[in-house]
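# Report on the structure
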Amino acid sequence: MPRTDIAAAYDARAEEYINLLGSVEQMAQVDRATILGWRDSVAGRILDAGCGPGHWTEVLCDGGRRDVVALDASPAFLASARGRFARPGFVVGDLSALPFATGSMGGVLAWFSVIHTDPVDLEAQLREIARLLAPGGSLLLGFFDGAPRTPFDHAVTTAYYWSAEALGDLLAPLGLSVEHEESRQDPGVRRYGHLIARASRTNPSLERDEPIIRRQVP
Ligand SMILES: C[S@@+](CC[C@H](N)C(=O)[O-])C[C@H]1O[C@@H](n2cnc3c(N)ncnc32)[C@H](O)[C@@H]1O
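These notes cover the structure that comes with them. Residue positions within a chain follow its written sequence, with the count starting from 1. pLDDT decides what is reported in this predicted model: residues at 70 or higher carry local features, side-chain atom pairs at 80 or more are listed and counted, and totals for whole chains, interfaces and linings draw on all residues regardless. Each side-chain value is worked out from all heavy atoms of the structure, with water and hydrogens disregarded.

Moving on: the site of the ligand. Near the ligand there are 20 residues, and of these Gly 50, Asp 72, Asp 94, Leu 95 and Trp 111 occur at the shortest range. Between Asp 72 and the ligand, the recorded distance is 2.7 Å, taken from a side-chain N or O atom to an oxygen atom. With the chains in place, 96% of the 580 Å² that the ligand exposes on its own is no longer accessible. Secondary structure elements follow DSSP: runs of H or I no shorter than four residues count as helices, runs of E no shorter than two count as strands, and numbering proceeds from the N terminus. For the shell around the ligand, the elements supplying multiple residues, two or more each, are helix H1 (3-12) and helix H4 (55-61). No other element matches the three residues that H1 contributes to the shell around the ligand. In this classification, the charged set is Asp, Glu, Lys and Arg, the nonpolar set is Ala, Val, Leu, Ile, Met, Phe, Trp, Tyr, Cys and Pro, and all remaining amino acids, among them Gly, are polar. Here the residues of the shell around the ligand are counted per class, giving eleven nonpolar, six polar and three charged. Here a residue counts as near a molecule or strand whenever at least one of its heavy atoms sits within 4 Å of it. N or O atoms closer than or at 3.5 Å make up a polar contact, with two conditions inside protein: a donor-capable atom paired with an acceptor-capable one, and, for residues adjacent in sequence, both atoms drawn from side chains. All accessibility values rest on the Shrake-Rupley procedure with a 1.4 Å probe; residue burial counts only the protein chains present in the view.

Next comes the structure, spelled out in structure tokens:
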């Protein structure tokens, strides 16, 4: 599904989503622990890729002690995030063309943000995320765990199940190796999964003959 259609679908339900799922207090304790622990394991700048209402961005910021940028397709989410969290660094954009420099991030959080990406397009999107990671940088990716590439009717718009193994197969050629994976079944909801993958010491994007600074946002 094109990014503009995803944005329109989230914009249409942004208020409802924010009321239900837009604050960290509404999130599962186990997810808070996962994201906090990951944040504290990451050195350098962090991108919240597909930040939605921005509540995880606020967690990543650690009271202003961390350098964090956030990007999402939905202008309504970002308007809310800017208002509620009063921080700069919320950028409207596309996960497939990230406006940040190659190798500029110590970590990228993609928390349930690639779930709507057509499976045939996911490798390219992950390549773009991998491009941003500094050597040794870390990706934390949340997903709905199930038969890889199978679509389902997500409340906002079509989404796809993945598994850590199938995602790992896409990430490996991009220089990212999965070093941790978890999944869990909470009552009455789809199975959640997440993985943490580390960029090799040599980022393949940095080795290519391409400009280091590309569409950079300060
Ligand atoms: C399920 S929400 C998750 C939001 C947030 N990470 C959270 O955990 O609440 C998926 C988010 O990914 C964003 N998204 C999906 N595809 C995108 C794309 N191609 N470019 C930018 N944002 C995208 C949507 O706009 C939406 O905010």
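Still more to cover.
Here we come to the packing of helix H6 (residues 119-132) against helix H7 (residues 164-171). Fitted lines through C-alpha atoms give the axes, limited to the stretch in contact for helices. The angle between two N-to-C directions lies from 0 to 180 degrees. Where H6 contacts H7, the axes come no closer than 10 Å and their chain directions differ by 60 degrees. Judged on the interaxial angle alone, H7 and H6 are oblique. Considering how the two elements wind past one another, H6 and H7 form a crossing that is right-handed. For the pair H6 and H7, the contacting residues are Leu 122, Glu 123 and Leu 126 in the first and Leu 167, Leu 170 and Leu 171 in the second. Class assignment for the residues of the contact of H6 with H7 results in five nonpolar, no polar and one charged. Throughout, the term roughly parallel applies to angles under 35 degrees, roughly antiparallel to angles over 145, roughly perpendicular to angles from 65 to 115, and oblique to all others. Each crossing gets its handedness from the near helix: less than a right angle anticlockwise from the far helix is left-handed, clockwise is right-handed. We call two residues in contact whenever any of their non-hydrogen atoms come within 4.5 Å of each other.

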